[in-house]
Amino acid sequence: MPTKVQKKNLEDAPFLKEMYNAAFNMWRLGWDERNGGNISYLLKEEEVKEYLDASKVVRTIPIPTSVEELEGKFFIVTGSGKYFKNAKEDPCNTFGIIKVGERGQSIDLLWGLEDGTLPTSELPAHFKSHTERLKVDSEHRVIMHNHATNIIAMTFTHELDEAMFTKTLWQMCTECIVVFPDGIGIVPWMIPGTAEIGLQTAQKMKEHRLVIWPHHGIFGAGTTIDETFGLIETAEKASQIYTAIGDPARIKQTITDRELADLAKAFHVTPRPGIIIA
Ligand code: 2HA
Ligand code: ZN
């Protein structure tokens, strides 16, 4: 008789720990007040199957915007209305493990969201962004959204021109151009949670791993939770410095275009064209 392989305890899964630590840290940093923020993390099938029987579906949830390209893929996602403050203490209600169903028209919940809640309200933006990032980077796995305070502040005081915004951030800390040479995408102000904001965010994700929602927050994409968190953290730090400076007229010196070009060369990154003139 074939012996059934014992599944490991999901509470010990490294991907779950990464999720609750990221969510908790985003709250701790003041970026996710109340139920703000959401994360989705593409998991490998083998990874999920160590912990779960993928044929055991808890419930099937229809999704308004189909994502055919993601059919059969597994994700761990944050739940709608969840307070990241509680993420560490309440993982089985805060997070859900889902599999995208046939033709990407529904999702099967395999674990979590035990109180009956739905996955994040920003699922359209997450799914469409995953689709676009996977086209440009086969290692892509994480989409993260939060309400990074100084990024939001800067969307009131700075022009919302992508090239200008990117250049200002690059000038605020030496490491910025190295961490996000692809620059920042910015969508117009829109109603959150809609298919439209999801589509426009994903369009920007074709060329940028950071997309700003004016007066709301930021989306980041990356290959790991740490890398994605670090990307947002770096942009937020640059915005914090911009905001600490206050009136840009107070700036007496900055990193010059020549220096930005030298930095990019030294760290072997290609800055998005049309931003620095050197
Ligand atoms: O409620 O951040 O954008 C979670 C959000 C919506
Ligand atoms: Zn939000």
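Overview of the structure.

Quick word on unusual backbone geometry
Residues other than glycine seldom take positive phi values, yet R103 does so here, at roughly 50 degrees. Although it is not a glycine, H268 sits at a positive phi angle of roughly 55 degrees. Tracing the backbone shows H268 in the segment after α10 (257-266).

Quick look at the pairing of strand β1 (residues 38-43)
Burial analysis of β1 places six of its six residues in the buried class, the great majority of the element. Both faces of β1 are covered, namely the face carrying N38, S40 and L42 and the face carrying I39, Y41 and L43. With four bridges connecting them, β1 and strand β6 (residues 142-146) associate as antiparallel partners. Among the inter-strand pairings, Y41 is bridged to a residue of β6, identified as V142. Pairing analysis gives four bridges linking β1 to strand β3 (residues 74-78), with the strands arranged antiparallel. Within β3, the residue paired with Y41 across the bridge is I76.

A few points about the coordination of the zinc ion (ligand 2)
For the zinc ion (ligand 2), every protein donor is listed as H145 (NE2), H147 (NE2) and H216 (NE2), and the spread of their distances is 2.1 Å. Between consecutive donors of the zinc ion (ligand 2), the numbers of intervening residues give the motif H-x1-H-x68-H. Exposure class is identical for H145 and H147. Each is buried.

A closer look at α10
Turning to α10, its buried residues number three or more, namely D257, L260, A261, L263 and A264. Along the long axis of α10, the arc covered by the buried residues comes to 160 degrees, so they all point the same way. What points out from α10, more than 90 degrees from its buried face, is the exposed set K265 and A266. Contact partners of the buried residues in α10: α6 (162-172) and α7 (176-179). Just beyond α10, the residue with positive phi is H268, at close to 55 degrees.

Section: a negative patch on the surface
The grouping of E68, E69, E71 and E102 at the surface amounts to a negative patch. Structurally, the position occupied by E102 is in the loop between β4 (95-100) and β5 (106-112). Overall, the relative accessible area of 60% leaves E102 in the exposed class.

Things to note about the site of ligand 1
Looking at ligand 1, the residues that line it are N35, G36, G37, N38, E122, H145, H147 and H216. For ligand 1, an oxygen atom lies 3.2 Å from a polar atom in the backbone of N35. Taking 220 Å² as the accessible area of ligand 1 by itself, protein coverage stands at 86%. Split by residue class, the shell around ligand 1 holds no nonpolar, seven polar and one charged.

Some thoughts on the environment of V58
Tracing the sequence through the fold places V58 in the loop between α2 (45-49) and β2 (59-62). For the pair V58 and L10, spaced 48 residues apart in sequence, the C-alpha separation works out to 15 Å. With sequence-adjacent residues up to four places away left out, V58 is seen in contact with L109, L110 and W111.

Comments concerning the sheet that holds strand β8 (residues 210-213)
Either a parallel or an antiparallel arrangement is found when strands of a sheet pair, and the pairing is made through backbone hydrogen bonds. Spatial ordering of the open sheet is given by β2-β5-β4-β3-β1-β6-β9-β8-β7, a layout of nine strands whose pairing is mixed. At either end of the open sheet lies a strand with only one pairing partner, and these are β2 and β7 (184-186). With strand direction ignored, the average angle separating the axes of adjacent strands in the sheet is 25 degrees. In this structure, β8 lies alongside strand β9 (residues 217-222), joined through four bridges in antiparallel fashion. Across the sheet, residue L210 finds its bridge partner in β9, namely G220. Set on the sheet, helix α4 (residues 123-136) makes contact with β1, β3, β4, β5, β6, β8 and β9; between it and β6 the angle comes to about 140 degrees. Across the sheet, helix α8 (residues 195-205) is in contact with β6, β7, β8 and β9; its angle to β8 comes to roughly 145 degrees.

Here is what the cut-offs are and how they apply
- Residues numbered from 1 in each chain as written.
- Chains lettered and ligands numbered in written order.
- Predicted model: local features only at pLDDT ≥ 70, side-chain atom pairs only at ≥ 80, totals over all residues.
- Heavy atoms only, no water.
- Helix = DSSP H or I, 4+ residues; strand = E, 2+ residues; numbered from the N terminus.
- Buried < 20%, exposed > 50% of the residue type's maximum accessible area, 1.4 Å probe, protein only.
- Pairing = 2+ DSSP bridges.
- Donors = N, O, S within 2.8 Å, 3.2 Å for Na, K, Ca; no water.
- Arc of directions from axis to C-beta.
- Contact = heavy atoms within 4.5 Å.
- Patch = residues over 30% accessible without salt bridge, like charges linked within 9 Å, V, L, I, M, F, W, Y side chains within 5 Å.
- Areas by Shrake-Rupley, 256 points an atom, 1.4 Å probe, with all protein chains shown as cover.
- Salt bridge = Lys/Arg side-chain N within 4 Å of Asp/Glu carboxyl O.
- Lys, Arg positive; Asp, Glu negative; His and termini not counted.
- Charge placed at Lys NZ, Arg CZ, Asp CG, Glu CD.
- Near = heavy atom within 4 Å.
- Polar contact = N/O pair within 3.5 Å; in protein donor to acceptor, adjacent residues only side chain to side chain.
- Nonpolar A, V, L, I, M, F, W, Y, C, P; charged D, E, K, R; others polar.
- Axes fitted to C-alpha atoms, helices over the stretch in contact; angles between N-to-C directions.

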